[in-house]
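# Structural features, examined
Read off the chains here:
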Amino acid sequence: MQEQYDAIIVGGGPIGGYVAGEIASKGFKVAIFEKNKQIGEPLKCAGLVTSRVFDYVDISKESVVQNKIKGANIHSPSGYKLTIGGDRVHALVIDRLNFDKEIIKNSMEKGAELFLENSVISIQKKGKQIEIKTSKSNDVKCNLLVGADGPYSKIRDRFLMSQPTEILRGMGAEISNTRLDPNSVEIFVGENVAPGFFAWIIPTNENGTEARIGLCIGPESTKPPLYYFSNLFKNKNSSPFLENVKITKKIGGSIPFGALKKTYSSNLLLVGDAAAQVKPTSGGGIYTGLLCGSYCSSVAIESLQKNNFTSQFLKKYHKLWSSDIGMELYLGMKFRKL
Ligand SMILES: Cc1cc2nc3c(=O)[nH]c(=O)nc-3n(C[C@H](O)[C@H](O)[C@H](O)COP(=O)(O)OP(=O)(O)OC[C@H]3O[C@@H](n4cnc5c(N)ncnc54)[C@H](O)[C@@H]3O)c2cc1C
């Protein structure tokens, strides 16, 4: 490992991977530090995205798209079913593990260096640079640090940035042996189903025989996600979809809501879940994170070209993403509260 980088990206998730590739493609020396052993593991996503994500990532749809969704059935606690869509493809189901791996592969092809099992444990300002220590290496310096380290971002805490308004906890699984309408997502709402959010069943193949199920709960919930997850198999609305299914993989994770009011500081940019750039109505963070990631990387590149890492200069990133989707995320929080 070299000791000096132009930019260090903390977090090898989809957003960190994407930003790293964009910066490296302009010839800058970029390192990605990822605390886990493998990219994309453990799985923490339902994998439902808009096709617009493919405007940002250079991945063939064939390699990661598992299924196409045309509509949704929303089940109320009393058993009322509201059907929406159904006319055309509204969303794609992706293999999230391969999606993350492909993004990182692309960024490495563009020159980014990846260091797995390297948890960033300390960050110091050293003159005009940032010096970090990871669980495996000491004193690695950079001009620009990009915090893409997810919902519980250490970088966000270290720079005393504000916190997301709320962080939802989620749990789910990949299942087989289902008999689902392959074009339709099933959504379940209610205090006893998923307080503060909703539960889902997403068919992941064109036969409707495999799916991802899951739910998230709000901070006000007194019981753990596992309690509600087990309930999905007993609840009168969801259980008919889950008879005799086999769980093949567990999914878990958190979703931050309420985008940060400030996503930059001198030598620092925060992006993706670390900045809570997530749609509060759906919990989708891949598209919004990539969109903000594109602004993050363009400002990062400009700052490296101009050798300007001041807070005043990097503010441009915050202005760009917030004038694009800031209002949508803000209104999303209002709708959520409503
Ligand atoms: C249950 C669930 C279902 C979801 N479903 C969807 C969906 O269907 N569609 C959608 O668009 N979004 C969904 N999301 C949200 C989506 O997963 C996130 O928005 C997306 O992963 C954000 O990407 P990211 O790169 O910002 O962060 P992450 O994917 O969280 O990546 C952050 C990375 O940083 C690493 N890291 C953390 N701390 C350190 C450290 N100190 N040092 C080094 N590395 C570190 C982590 O290991 C991780 O790999 C879901 C989330 C959950 C929890």
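Just above sits the structure.
Residues numbered from 1 in each chain as written. Predicted model: local features only at pLDDT ≥ 70, side-chain atom pairs only at ≥ 80, totals over all residues. Heavy atoms only, no water.

### Overview of the overall build of the chain
- If you tally the helices and strands in the chain, you get seven helices and 18 strands.
- Taking 338 residues into account, the globule formula puts the C-alpha radius of gyration at 20 Å, and the chain, at 20 Å, falls close to it.
- Taken along its principal axes, the extent of the C-alpha atoms in the chain is 60 × 40 × 35 Å.
- Put simply, the chain has 338 residues, and 55% of those count as buried.
- By sequence separation, contacts in the chain at least 24 residues apart represent 69% of the contacts at least 6 residues apart. (Helix = DSSP H or I, 4+ residues; strand = E, 2+ residues; numbered from the N terminus. Rg over C-alpha atoms; globule rule 2.2 N^0.38 Å. Buried < 20%, exposed > 50% of the residue type's maximum accessible area, 1.4 Å probe, protein only. Contact = heavy atoms within 4.5 Å.)

### Notes on helix α6 (residues 286-306)
- In a regular helix each residue adds 1.5 Å, so 21 residues correspond to 30 Å; α6 covers 30 Å between its end C-alpha atoms and thus fits that length.
- Just beyond α6, the residue with positive phi is Asn-307, at close to 55 degrees. (Expected span 1.5 Å × (residues − 1).)

### Remarks on unusual backbone geometry
- Cis rather than trans, the peptide bond between Glu-41 and Pro-42 has omega equal to -5 degrees.
- Its location among the elements puts Pro-42 in the loop between β2 (30-33) and β3 (48-49).
- Phi is positive for Asn-177, which is not a glycine, with a value near 70 degrees.
- Note that Asn-177 resides in the loop between β12 (166-176) and β13 (184-188).

### Thoughts on the side chain of Asn-67
- Within the fold, Asn-67 resides in strand β4 (residues 65-69).
- There is a polar contact of 2.8 Å between the side chain of Asn-67 and the backbone oxygen of Pro-182.
- In this structure the side chain of Asn-67 is engaged in a polar contact, spanning 3.2 Å, whose partner is the backbone oxygen of Asn-205.
- Residues within four places of Asn-67 in sequence aside, it is in contact with Ala-91, Leu-92, Val-93, Pro-182, Pro-203, Thr-204, Asn-205 and Glu-206. (Polar contact = N/O pair within 3.5 Å; in protein donor to acceptor, adjacent residues only side chain to side chain.)

### Concerning the sheet that holds β4
- Within the open sheet, the three strands sit side by side as β3-β7-β4. Their pairing is antiparallel. In this open sheet, the two edge strands, each paired with only one partner strand, are β3 and β4.
- Of the strand pairs in this sheet, β4 and strand β7 (residues 91-94) are connected by four bridges, and their pairing is antiparallel. Within β7, the residue paired with Val-65 across the bridge is Ile-94. (Pairing = 2+ DSSP bridges.)

### Here we look at the packing of aromatic side chains
- Taken as a whole and judged by the stated rule, the model has eleven aromatic pairs.
- An angle of 85 degrees between the planes, with centres 6.2 Å apart, marks the rings of Tyr-18 and Tyr-56 as edge-to-face. With Tyr-18 in helix α1 (residues 14-24) and Tyr-56 in the loop between β3 and α2 (61-64), the pair connects residues that are 38 residues apart, well separated along the chain.
- Here Tyr-18 falls in the buried class, since its relative accessible area comes to 7%. (Phe/Tyr/Trp six-rings, centres within 6.5 Å; stacked < 30°, edge-to-face > 60°.)

### Things to note about the site of the ligand
- Taken together, the neighbourhood of the ligand is formed by 33 residues, with Glu-34, Leu-48, Arg-96, Val-120 and Asp-273 sitting nearest.
- Contact distances for the ligand include 3.5 Å between an oxygen atom and a backbone N or O atom of Lys-44.
- At the level of elements, α1 and β16 (246-257) are the ones that each hand at least two residues to the shell around the ligand.
- Across the shell around the ligand, the residue classes tally to twelve nonpolar, 15 polar and six charged. (Near = heavy atom within 4 Å. Nonpolar A, V, L, I, M, F, W, Y, C, P; charged D, E, K, R; others polar.)

### Description of a nonpolar patch on the surface
- A cluster of nonpolar residues, Met-327, Tyr-330, Leu-331, Phe-335 and Leu-338, forms a patch on the protein surface that exposes about 630 Å² of accessible area.
- If you trace the backbone, Leu-331 turns up in helix α7 (residues 311-337).
- By relative accessible area, Leu-331 is classed as partly exposed at 39%. (Patch = residues over 30% accessible without salt bridge, like charges linked within 9 Å, V, L, I, M, F, W, Y side chains within 5 Å. Areas by Shrake-Rupley, 256 points an atom, 1.4 Å probe, with all protein chains shown as cover. Salt bridge = Lys/Arg side-chain N within 4 Å of Asp/Glu carboxyl O.)

### A word on the environment of Cys-292
- Tracing the chain through its elements places Cys-292 in helix α6.
- Taking the C-alpha atoms as reference, Cys-292 lies 11 Å from Thr-263; in sequence the two are 29 residues apart.

### Here's the deal with the packing of α6 against α7
- Interhelical geometry of α6 versus α7 gives an angle of 165 degrees and a closest axis separation of 8 Å. On the basis of the axis angle, α6 is roughly antiparallel to α7. Seen along the crossing, α6 lies across α7 with a hand that is right-handed. On the side of α6, the interface is formed by Thr-288, Leu-291, Cys-292, Tyr-295, Cys-296, Val-299, Glu-302, Ser-303 and Lys-306, while α7 contributes Phe-313, Leu-314, Lys-316, Tyr-317, Leu-320, Trp-321, Asp-324, Ile-325 and Leu-329.
- Of the residues contributing to the contact of α6 with α7, the split by class is twelve nonpolar, two polar and four charged. (Axes fitted to C-alpha atoms, helices over the stretch in contact; angles between N-to-C directions. Parallel < 35°, antiparallel > 145°, perpendicular 65-115°, else oblique. Left-handed = near helix turned anticlockwise from the far one by under 90°.)

### Some details on the sheet that holds strand β5 (residues 71-75)
- Spatial strand order, β6-β5-β13-β14-β15-β12-β16: seven strands in an open sheet with mixed pairing. Edge positions in the open sheet fall to β6 (81-85) and β16, since each of these has one partner strand only. The average angle at which neighbouring strand axes cross in this sheet is 20 degrees, direction not considered.
- In terms of strand pairing, strand β14 (residues 199-203) meets strand β15 (residues 210-217) through five bridges, oriented antiparallel. In the sheet register, Ile-202 faces β15, and the bridge partner there is Arg-212.

### A look at the nonpolar core
- Residues Ile-9, Ile-23, Val-30, Phe-54, Phe-99 and Val-271 are the most contacted members of the largest nonpolar core, which totals 50 residues.
- Sorting the residues of this core by element identifies β1 (4-10), α1, β2, β7, α3 (96-109), β11 (140-147), α6 and α7 as the ones contributing at least two each.
- Take this core: its biggest share by element is ten residues, from α6.
- Among residues more than four places away in sequence, those in contact with Phe-99 are Pro-14, Val-53, Val-57, Ile-59, Val-64, Ile-94, Ile-286 and Leu-290.
- Within the second largest apolar cluster, 21 residues are counted, among which are Val-120, Ile-130, Phe-159 and Leu-260. (Core = buried A, V, L, I, M, F, W, Y, C linked by side-chain atoms within 4.5 Å.)

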